[in-house]
Amino acid sequence: MARAIWKGSIAFGLVNVPVKVYTATEDHDIKFHQVHAKDGGRIKYQRVCTVDNKPVEYVDIAKAYESPDGDRVILSDEDFARLPAAEKHEIPVLQFVPSEQIDPILFDKSYYLEPDSTTPKAYVLLATTLERIDRTALVHFTLRQKTRLAALRVREGMLVLQTLLWPDEVRAVEFESLQDASEPRPQEIKMAETLVESMSDDFDPSQYTDEYQIELQKILDEAIASGSDRVTTKPEAVPAEMDAEVVDLVAALQRSLEASGRRAAGSGGAAQKKTAKKAAPAKKTAKATKKTAEKPAKKAAKKTPARKGA
């Protein structure tokens, strides 16, 4: 499931049901880019002003209304902010109506509602109640600063929100070709009913597939596998070049490492020579100590007979 597009709560009387809203449907049609047929170059579009023929940034674009008589009114964000809208983070329940009274032509977009609470008791209570009474809740739902009328119903134990078209958004139409049409005869109706009965079964959406998209994907896969001249292979990613400052820094670090190695080698040889020089005086000191120790011993030996003569 993709990320939630809306967070708020359902206002069911004095009960609030915290919910997250997710888009319930997705388009599986294969997407195409517009390209130049001659060389395959991508076609790009610019927002160009018709007055000065210069590109316009998106932030500088305003919304304008043009009346049937050609009068134009430019509105600002402040104008839209003053328009009436339902609470942005609340889905108020307006009333409950029999489900069969909502004409399917009014259904627009569908959304899944997930409980946004550690204790989804209120969510389950509302879903169970709607399922048992077989009614649909009419609500107001504000998305992207636009308030819509919506139907809140249950699907497989889950709350589903379906935005509805306003009544005046459904076109009223009359075809002249039907005005003079004759009524079907009873025998024709009976035969048609028999045919319908022979083709009747429970609805299983898994039995139906989008053959057009399947065959289109086959054509694309076969073209790629054949390696024809209509296929352009994606170029291999070129390693990003390092900035000049980064290159200089790397080179400087490399030279520093090399210089450090040379100094380390040089200081090692000098240290050995210095150690050798210090070792020599140490031997002399040892000999001097031995001589010093021997001299007092001889003197002591000469003094001993003198004490005997006394």
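Everything here concerns the structure above.
Thresholds, definitions, all that
- Residues numbered from 1 in each chain as written.
- Predicted model: local features only at pLDDT ≥ 70, side-chain atom pairs only at ≥ 80, totals over all residues.
- Heavy atoms only, no water.
- Phe/Tyr/Trp six-rings, centres within 6.5 Å; stacked < 30°, edge-to-face > 60°.
- Helix = DSSP H or I, 4+ residues; strand = E, 2+ residues; numbered from the N terminus.
- Buried < 20%, exposed > 50% of the residue type's maximum accessible area, 1.4 Å probe, protein only.
- Lys NZ or Arg CZ within 6 Å of the ring centre and 35° of its normal.
- Expected span 1.5 Å × (residues − 1).
- Arc of directions from axis to C-beta.

(A) Broad picture of the packing of aromatic side chains. One pass over the full model with this rule turns up 4 aromatic pairs. Between Phe 12 and Phe 96, the ring centres sit 5.9 Å apart and the planes meet at 80 degrees, which makes this aromatic pair edge-to-face. Residue Phe 12 is found in strand β1 (residues 6-12), and its partner Phe 96 is found in strand β5 (residues 90-98); the two are separated by 84 residues along the sequence. Since its relative accessible area comes to 24%, Phe 12 is described here as partly exposed. Three or more aromatic residues link up through ring pairs in this structure, and these residues are Trp 6, Tyr 111 and Phe 141. One Lys or Arg, Lys 63, reaches over the ring of Phe 80 and ends 5.2 Å from the middle of that ring.

(B) Helix α2 (residues 121-133), seen in detail. For α2, which comprises 13 residues, the first-to-last C-alpha distance of 18 Å matches the rise-based estimate of 18 Å (1.5 Å per residue) to within 8%. The complete set of buried residues in α2 reads Tyr 123, Leu 126, Ala 127 and Leu 130. On an axial view of α2, the arc spanned by its buried residues comes to 95 degrees, and they lie on one face. Relative to its buried face, α2 has exposed residues pointing more than 90 degrees away, namely Lys 121, Leu 125 and Arg 132. Looking one or two residues beyond α2, the residue adopting positive phi is Asp 134, at roughly 55 degrees.

Function-wise, these values are silent; they only describe arrangement.
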